[in-house]
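# Analysis of the macromolecular model
These are the residues of each chain, in order.
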Amino acid sequence: MKTLCWLLVVYSQVFLALSVERKPLNKHIRHYEPLNYAESDIKDSFKNGLETKSLDFKSHGREFKLRLEPDRDSFHPGLDRLNDEIKEHLNSALAGYLEDEPNSEAFGSIRNGRFEGTIFTNDEEYTVRPAEMYFDEPQEFHSVIFRSKDEDESIRRKRSIFSNGEPRSMRRRRETNEFDEPDGFDLYKQENNQNLRICNISIESDYLFTNALGGTGRAVGEMIYLVRLANRKFEEMAQSPLWKEAKLFTLRLMIGHIMAYTNETTPEELKPESMGVSTFLDFVSDRDYDGYCQAFFLTYRDFEGGITGLSWSAQDDERGGVCQARRYFIQINENFNVQKLKSYNSGVITYKFYGTLIPPKMGEIAFLRQVGTAFGAPVSW
């Protein structure tokens, strides 16, 4: 009798799963569910000055009991002085967990009482985004949530930093357990954790990116989110058998400088909308990033051939990449030479793909690729 009851329960669950109406969000996401919790729930947490923000909702046949606190792990101790607007948006960056699920993780930001980010359970990954990112017309719900298993398989496969789990410079020297550090490599060991290296980065966006994402707040939130995601990928790699066998250290990116430029504040040389990816990277490289291990600059431009990013590489025969000191570039002309300093520890990423804003996951892929390139991953991966 018990066996029969158990089979009935299993069959009923399978039937319910199959009978759920599939709701494609776009060509990359096969199914989503709407979210419409009361936005006042989390606004009250901010209003009351609570350190831990609570947000409970139901979706995908389960409960989510989010407990979120200010994100303090993404920012370098030497974070540059910020203007009041940027500082306010940093306070919206949150990280936490699901109350009833050990080893879960969540991070993102709060905008107008709504959570935007990713939730990692023990067996699934859920992405939460505002509905207006996917729908031109107002909807009866304010947010959407979807699982990683409902994303296009090609996107899921590409969401890694290195093609085979470790950077090229680490692969070359695995047998001696040495990291091939370029001159001036200033990753430092964090106190009480001799196996962790901190990489102080600069991350910025121009007015095109800021406008495309809906303003300074969302642009800042997206940049912090990308850094947090990259760090999670580093942590996952550190747990791999290959990484442990080689006894390689764990990497963590920390933001030492962050800026979302507006129409008025974007540097003049970066304002023209029509610009090739190499030209854009060249202009970004003119900026001084000697105070950082690596610099990333986000934009919203259509680059030739659908390219979503470009960085100076840390491969064997290259002189760019992470922690490369600023150096002189000499342009040889017929009658004269031009010499100027260039930052070869820089990379650019665009969120525009053939005229449209790319899906969030593709944006993550574009960023993770440039992180990998900076650390020596093959450019053609």
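All of these numbers come straight from a predicted model, not from anything done at the bench.

Glancing now at the environment of Glu 69. Among the structural elements, Glu 69 can be located in strand β3 (residues 62–70). Judged by relative accessible area, which is 31%, Glu 69 ranks as partly exposed. Between the alpha carbons of Glu 69 and Ala 93 there is a distance of 8.4 Å; along the sequence they are 24 residues apart. When neighbours within four sequence positions are excluded, Glu 69 is seen to be in contact with Glu 51, Thr 52, Ala 93, Leu 94 and Ala 95. In this structure the side chain of Glu 69 is engaged in a polar contact, spanning 2.9 Å, whose partner is the side chain of Thr 52.

The next thing to look at is the pattern of salt bridges. Scanning the model with the defined rule gives 22 salt bridges in all. Between Glu 99 and Arg 67 there is a salt bridge, and its shortest N-O distance comes to 3.4 Å. In this pair, Glu 99 sits in the loop between β4 (93–98) and β5 (105–111) while Arg 67 sits in strand β3, placing the two residues 32 residues apart along the sequence. For Arg 67, a relative accessible area of 10% corresponds to the buried category. Lys 271 is the salt-bridge partner of Glu 268, the closest N and O atoms lying 3.0 Å from each other. In this structure Glu 268 comes out as exposed when scored by relative accessible area, which is 57%. Since its relative accessible area comes to 22%, Lys 271 is described here as partly exposed. Three or more residues are tied together by salt bridges with common partners; here these are Asp 71, Asp 73, Glu 105, Arg 228, Arg 232, Lys 233 and Glu 236.

The rules behind each value
Residues numbered from 1 in each chain as written. Predicted model: local features only at pLDDT ≥ 70, side-chain atom pairs only at ≥ 80, totals over all residues. Heavy atoms only, no water. Helix = DSSP H or I, 4+ residues; strand = E, 2+ residues; numbered from the N terminus. Buried < 20%, exposed > 50% of the residue type's maximum accessible area, 1.4 Å probe, protein only. Contact = heavy atoms within 4.5 Å. Polar contact = N/O pair within 3.5 Å; in protein donor to acceptor, adjacent residues only side chain to side chain. Salt bridge = Lys/Arg side-chain N within 4 Å of Asp/Glu carboxyl O.

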